[in-house]
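# Structure assessment
Okay, here's what each chain looks like letter by letter:
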Amino acid sequence: MAGSTFGERLKVTTFGESHGEAVGVIIDGITPGLELDEAYVQIQMDRRKPGQSSVTTPRREYDKIRILSGLFEGRTTGTPMCIMLNNTDMRPSAYDDIKSMYRPGHADLTYEKKYGLRDYRGSGRASGRETAARVAAGAVARKLLERRGVSVLAYTTEVGGIRCETFEPDAIERNLVRACDPVAARSMIERIEQLSANGDSCGGIVECRISGVAAGIGEPVFDKLDAELAKAMLSIGAIKGIEFGAGFQAAAMLGSEHNDQMDRTGFLTNNAGGIIGGISTGADIVFRVVVKPTSSISVLQQTVDMYGKEREIVTEGRHDPCICPRIVPVIEAMACLVIEDHYKRQAALLDE
Ligand SMILES: Cc1cc2nc3c(=O)[nH]c(=O)nc-3n(C[C@H](O)[C@H](O)[C@H](O)COP(=O)(O)O)c2cc1C
C-alpha cells in the first residue's frame, strides 16, 4: 500500500530520510547459500556516493554499509537481509531558511499535500539519498544474476545537449560523467562545471544494456518485463521518461524497417530492445531514460510558501549540478532487481 516496497519474489523495502539517522533496505527472498560480503556491495555504493568529483554534490558521505542480518559465514541464509548506512554529513539547519517554502521542481508541495506535513531536511524520502538503499539491494541482485550469466551496464549518452558519438565500454568508469564516449565526456564535464558556476543545472540521457537474459522471462500482461523495468526506472527521482530499443524513433519507421527479422542464428536487428509481448527475446535488453535537470539551483526563482504568500527563492547548499553520473549505478541496481525478480517468478511458474 504505502509504496516503499518493490518486487514480488525478491522483495525490497527501503527506509530512511536524507538528513535523518540512517537509510537502509530489507531484502526478502534472497536465494540461500550465495557467497557475499560487504566489500562486494560497497563497490556499487562507492560508485553512487556523493562527493566523488567536481560534477557531483560536495556532500561528504562515505556510504559505508553494514549487513545486519541474512548473512552467516560469508553466505546468504535465505532469511531477510537488512543493509544499513548511517548518514554522517547531515546539515538539516541548511534548510531552516526555506522550510516554509515550496522549492520549484522538488516534491515539497506534493508531500505536504499528501501527508499534511513534510520532512523539509533535504527532501526527506524524496531525496536522491534514498537510492543508496536501492544500490545496496541491487548489488545483491547483481550477485545472483552473475550466476545466471546476466550482466547489466548503464552509461551516460547525453548531457546538457552534448551527445556521445562513440561507444567505448572501457571509458565509462574512467570519466566523471560515466559517458561511453571519452571525447564527448570532456565537453560534458566542461558544460556542467560552467552551468554549476552560474548556479544552474542540466539533465541528460542514460542508456542501459542488460546482456545474457534467456528468452522467455517476463509476466504478461500487467507485469510485462518492459512495464516492470519502466516502473522501476520511473520510481527513481529525476527520471522522466523511458524508451526501449528503437523507442520513439519507431514513430517514423515502417513496419518493414522496425520488425526484427530472424534467421537460424537469431535476430538480425534489435529494434524491440530485447522484449516482445512483455517477454525477453534473448537479445540484449536495451533502454534509455531521460534525467531531468537538477531542481536545486541557485538562480533566483518564483514560488509560494505554505501560507500562500508569493516568495522568491534561491536554493543554496550542496547539490548535484547534473544527476547523470550518480544515477547510473541506481539504474543498474533497479534493472538487476527487476531481472532477478522475474527469473524467480519464472522458476516458480515452472515449479522448479
Ligand atoms: C542519485 C540522485 C541524486 C540526486 N541529487 C539531487 C540533488 O542534488 N538536488 C536535487 O534537487 N535533486 C536531486 N535528485 C533528484 C530528486 O530526488 C528528485 O528530482 C525529486 O525528488 C523530485 O522528484 P521527481 O524529479 O522524480 O519528480 C537526485 C536524484 C538521484 C536519483
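Here the structure is a predicted model, which is why all the values come from computation and not from measurement.

On to the overall build of the protein, then. Across its full length, the protein carries 7 helices and 18 strands. Rg of the C-alpha trace for the protein: 21 Å, near the compact-globule value of 20 Å for 352 residues, within the 12% margin. Seen through its C-alpha atoms, the protein measures out along the principal axes to roughly 65 × 50 × 40 Å. Among the 352 residues that make up the protein, the fraction classed as buried is 51%. Within the protein, counting contacts between residues at least 6 apart in sequence, those at least 24 apart form 71% of the total. As presented, the protein carries roughly 16900 Å² of accessible surface, and 52% of it is formed by carbon and sulfur atoms. Taking the 42 positively charged and 48 negatively charged side chains of the protein as two groups, their mean positions are separated by 3 Å.

According to the stated counting rule, one finds 26 salt bridges in the structure shown. Among the salt bridges present, the one from Glu-158 reaches Arg-163, with a minimum N-O distance of 3.0 Å. Residue classification places Arg-163 among the exposed positions, given a relative accessible area of 55%. Here the salt bridges do not stand alone but share partners, grouping Glu-8, Asp-223, Glu-228, Asp-341 and Arg-345 into one network.

Tallying each qualifying case throughout the model produces 3 aromatic pairs. Seen in terms of ring centroids, Tyr-111 and Tyr-115 are 5.8 Å apart; in terms of plane orientation they differ by 55 degrees. Their pairing is tilted. Here Tyr-111 pairs with Tyr-115, and both are found in helix H2 (residues 108-115), just 4 residues apart, close to one helical turn. Using a relative accessible area of 29% as the deciding quantity, one classes Tyr-111 as partly exposed. When the centroid spacing of 5.7 Å and the interplanar angle of 50 degrees are considered together, the rings of Phe-244 and Phe-287 count as tilted. Taken together, the positions of Phe-244 in strand S11 (residues 239-244) and Phe-287 in strand S16 (residues 285-291) put the pair 43 residues apart, joining distant regions of the chain. Among the residues examined, Phe-287 registers a relative accessible area of 0% and is labelled buried. The ring of Tyr-115 carries the charged tip of Lys-114 above its face, separated from the ring centre by 5.4 Å. Seen from the ring of Tyr-40, Lys-143 lies directly overhead, with NZ or CZ sitting 4.5 Å from the centre.

As a further point, take the environment of His-342. Relative to the elements of secondary structure, His-342 occurs in helix H7 (residues 324-349). Sequence-wise, His-342 and Lys-231 are 111 residues apart; in three dimensions their C-alpha atoms are separated by 14 Å. Contacts of His-342, omitting those with residues within four sequence positions, involve Ile-217, Gly-218, Glu-219, Asp-223, Leu-225 and Glu-228.

The UniProt record marks Arg-48 with the feature "binding site: NADP(+)" (unreviewed entry), using the residue numbering of this structure. Following the sequence through the fold, Arg-48 ends up in helix H1 (residues 38-48). For Arg-48, a relative accessible area of 2% corresponds to the buried category. Ignoring anything within four residues of it in the chain, the contact list for Arg-48 reads Asp-63, Gly-128, Arg-129, Thr-131, Ala-132, Val-135, Arg-326, Pro-329 and Val-330.

A separate point is helix H4 (residues 182-197). With 16 residues, H4 should reach 22 Å at 1.5 Å per residue; the first-to-last C-alpha distance of 23 Å fits that figure. Against the buried residues of H4 lie strand S8 (151-159) and strand S9 (162-163). Where H4 begins, one side-chain oxygen reaches toward the backbone nitrogen of Val-183, 2.9 Å away; that side chain belongs to Asp-181. Residue Gly-199 follows H4 closely and has a positive phi angle near 80 degrees.

Within the fold, Glu-243 resides in strand S11. Judged by its relative accessible area of 19%, Glu-243 is buried. A polar contact is formed between the side chain of Glu-243 and the backbone nitrogen of Phe-248, at a distance of 2.9 Å. In this structure, Glu-243 is in contact with Phe-248, Val-286, Phe-287 and Arg-288, ignoring residues within four places of it in sequence.

The next subject is the environment of Ala-141. The residue Ala-141 is located in helix H3 (residues 131-146) in this model. On the basis of relative accessibility, which here comes to 1%, the residue Ala-141 falls in the buried class. C-alpha separation for the pair Ala-141 and Met-90, spaced 51 residues apart in sequence, amounts to 29 Å. Residues in contact with Ala-141, not counting those within four places in the same chain, are Leu-10, Cys-336, Leu-337 and Glu-340.

Moving on: the pairing of strand S2 (residues 11-16). A one-sided burial pattern is seen for S2, the buried positions being Val-12, Thr-14 and Gly-16 and the unburied ones Lys-11, Thr-13 and Phe-15. Here strand S1 (residues 5-6) runs beside S2; their pairing, made up of 2 bridges, is antiparallel. Each residue of the ladder has a partner; that of Phe-6, found in S2, is Val-12. Following S1, the chain reverses through 4 residues before pairing antiparallel with S2; Gly-7 in that reversal takes a positive phi of roughly 100 degrees. Across 6 bridges, S2 lies against strand S3 (residues 22-28) in antiparallel orientation. Directly across from Thr-14, in S3, lies its bridge partner Val-25. Hairpin connection, S2 to S3: the antiparallel pair is bridged by 5 residues.

Conventions we followed
Residues numbered from 1 in each chain as written. Predicted model: local features only at pLDDT ≥ 70, side-chain atom pairs only at ≥ 80, totals over all residues. Heavy atoms only, no water. Helix = DSSP H or I, 4+ residues; strand = E, 2+ residues; numbered from the N terminus. Rg over C-alpha atoms; globule rule 2.2 N^0.38 Å. Buried < 20%, exposed > 50% of the residue type's maximum accessible area, 1.4 Å probe, protein only. Contact = heavy atoms within 4.5 Å. Areas by Shrake-Rupley, 256 points an atom, 1.4 Å probe, with all protein chains shown as cover. Lys, Arg positive; Asp, Glu negative; His and termini not counted. Charge placed at Lys NZ, Arg CZ, Asp CG, Glu CD. Salt bridge = Lys/Arg side-chain N within 4 Å of Asp/Glu carboxyl O. Phe/Tyr/Trp six-rings, centres within 6.5 Å; stacked < 30°, edge-to-face > 60°. Lys NZ or Arg CZ within 6 Å of the ring centre and 35° of its normal. UniProt positions renumbered as here; feature names shortened; annotations may be inferred. Expected span 1.5 Å × (residues − 1). Polar contact = N/O pair within 3.5 Å; in protein donor to acceptor, adjacent residues only side chain to side chain. Pairing = 2+ DSSP bridges.

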